[in-house]
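# Overview (structure and organization)
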Amino acid sequence: MPQIFVTTAKGETHTLNAEPGTTVMMAIRDAGLEGLLALCGGVCSCATCHVHVDPGWMAAAGEMSEDESELLDGSMRRNEHSRLGCQILITSKLDGLRVTIADED
Ligand code: FES
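Residues numbered from 1 in each chain as written. Predicted model: local features only at pLDDT ≥ 70, side-chain atom pairs only at ≥ 80, totals over all residues.

### Regarding unusual backbone geometry
Our working rule: Residues with at least 20 other C-beta atoms within 10 Å of their own are called buried, those with 12 or fewer are called exposed, and the rest are partly exposed. The C-beta atoms themselves are positioned from the backbone. Numbering of helices and strands runs from the N terminus, with a helix taken as a DSSP run of H or I at least four residues long and a strand as a DSSP run of E at least two residues long.
In the Ramachandran plot, Ala 38 falls in the positive-phi region, its phi being about 50° despite a non-glycine side chain. For Ala 38, a count of 17 C-beta atoms within 10 Å translates into the label partly exposed. The backbone of Ala 47 sits at a positive phi, close to 65°, despite the residue not being glycine. Tracing the backbone through its elements, the reader meets Ala 47 in the loop between helix H1 (24-31) and strand S3 (50-53).

Encoded structure:
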């Protein structure tokens, strides 16, 4: 099973097992890490699963949809590494992925 490395706002890094076919948001939520609310449950309508992807992993994380980009536009924390965790699908390609949970707006 792919492992992903998630850093919280407090700077703690956790190693999570992420089931292929689920999402980065689901792995973080299921692990109960602080700072990721995922209020809409993963349907790309709340932006409370905002993460910053390690620069070396941006390409592997896949393309961002227009809807995702529009939602992220509402965040003051958006930067070039921003993604919504619920829109990053776990595959074996993402074994070793590193993300940081974005601070709340
Ligand atoms: S959980 Fe709501 S946009 Fe990702």
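Back to the write-up after that little detour.
### Notes on the pairing of strand S1 (residues 3-7)
Heads up, the rule is: We treat two strands as partners when DSSP finds at least two bridges between them.
Here S1 shows a buried face lined by Ile 4 and Val 6 and an unburied face lined by Gln 3, Phe 5 and Thr 7. Note: S1 against strand S2 (residues 13-17), five bridges, orientation antiparallel. Bridging from a neighbouring strand, Thr 7 pairs with Thr 13 of S2. Here S1 folds back onto S2, and the loop between the two strands holds five residues, one of which, Gly 11, carries a positive phi near 90°. Relative to strand S5 (residues 98-101), S1 runs parallel, the two being bridged by three bridges. Across the sheet, the residue bridging to Phe 5 is Arg 98, located in S5.

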